[in-house]
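# Commentary on secondary and tertiary structure
Listed here are the chains, written in short residue letters.
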Amino acid sequence: MPLAPGQLQLGPVRCAWRPYRHGQAAEPLVRDWLSEQLGTTAEALVIRRTAQGRPCLDPVHGGWDASWSHSGEGLLMALAHDLRVGIDLEVRRPRPKAQVLANRFFAPAEAAALAAMSQDRREAAFVRLWCAKEAVLKAHGQGLSFGLHLLAFAPEGDDWRLVDCDPALGAPADWSLRTFRPAPAYLATVAWRARWG
């Protein structure tokens, strides 16, 4: 199926962008897109939630996995087959407490790397790192409650590379991540790995 406007193929993951209004329920928009992609009706699409609240497509849908994130006026969705996928979206805004948050919640080496950057670079690098961490944790299924410090990234040019993680996440090499700009003033990361457990 060709990509429709607002869609992007990143490796094995198909992503789609939709306008979003703060306070609006995202799931109906997600259902519409997923049902179109999976050739079913929105009413027939079965989305279950784990005990931790992660949305999962029912096995009746043949091994597909989905994730979504909204920020500002945007909604970003991801769909992959026979993989676990997570996506995070962040709108550009000032982050004056970026270093404080990094010191409190990130791995010590990450906080040190951010502290060594100029203020101008630090905020952008913080957002890239936050997106990467949240995308992996969404795919894993625990979300932020798992602990942002339990996966560590190292700076690599303008990006971050996963270098260490808690065994519950697998090995860093198990994960693929792509950071991209789905729309002006937005940054997103999609993370995926083979299914487990």
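So, how was this worked out
- Residues numbered from 1 in each chain as written.
- Predicted model: local features only at pLDDT ≥ 70, side-chain atom pairs only at ≥ 80, totals over all residues.
- Heavy atoms only, no water.
- Axes fitted to C-alpha atoms, helices over the stretch in contact; angles between N-to-C directions.
- Helix = DSSP H or I, 4+ residues; strand = E, 2+ residues; numbered from the N terminus.
- Parallel < 35°, antiparallel > 145°, perpendicular 65-115°, else oblique.
- Contact = heavy atoms within 4.5 Å.
- Nonpolar A, V, L, I, M, F, W, Y, C, P; charged D, E, K, R; others polar.
- Phe/Tyr/Trp six-rings, centres within 6.5 Å; stacked < 30°, edge-to-face > 60°.
- Buried < 20%, exposed > 50% of the residue type's maximum accessible area, 1.4 Å probe, protein only.
- Lys NZ or Arg CZ within 6 Å of the ring centre and 35° of its normal.
- Pairing = 2+ DSSP bridges.

### Let's talk about the packing of helix α3 (residues 108-115) against helix α4 (residues 119-140)
Between α3 and α4, whose axes approach to 9 Å, the crossing angle comes to 155°. Looking at the two axes, α3 sits roughly antiparallel to α4. Touching Glu110, Leu114 and Ala115 of α3 are Arg122, Ala125, Phe126, Leu129 and Lys133, all from α4. Taken together, the residues of the contact of α3 with α4 break down into five nonpolar, no polar and three charged.

### Quick notes on the packing of aromatic side chains
Using the criterion set out here, one finds four aromatic pairs in the structure. A ring pair is formed by Trp17 and Tyr186, whose centres lie 4.9 Å apart and whose planes are at 70°; its orientation type is edge-to-face. Here the residue Trp17 occupies a position in strand β2 (residues 13-19), and Tyr186 occupies one in strand β11 (residues 186-194), the gap between them amounting to 169 residues. Take Trp17 and Tyr186: they sit in the same class, and that class is buried. By the ring-pair criterion, three or more aromatic residues cluster together here, those being Phe106, Phe126 and Trp130. It is Arg193 that lies over the ring of Trp175; its NZ or CZ is 5.7 Å from the centre.

### Some thoughts on the sheet that holds strand β5 (residues 64-71)
As summarised here, the arrangement of the four strands in space is β1-β2-β6-β5, forming an open sheet in which the pairing is antiparallel. Every other strand in the sheet has two partners, leaving β1 (7-10) and β5 as the edge strands with one partner each. With direction set aside, neighbouring strand axes in the sheet form an average angle of 20°. Alignment of β1 against β2, held across four bridges, turns out to be antiparallel. Pairing of Leu10 across the sheet is with Val13, part of β2. Against the sheet, helix α1 (residues 27-38) contacts β1, β2, β5 and β6 (74-81), and its axis sits at roughly 35° relative to β6.

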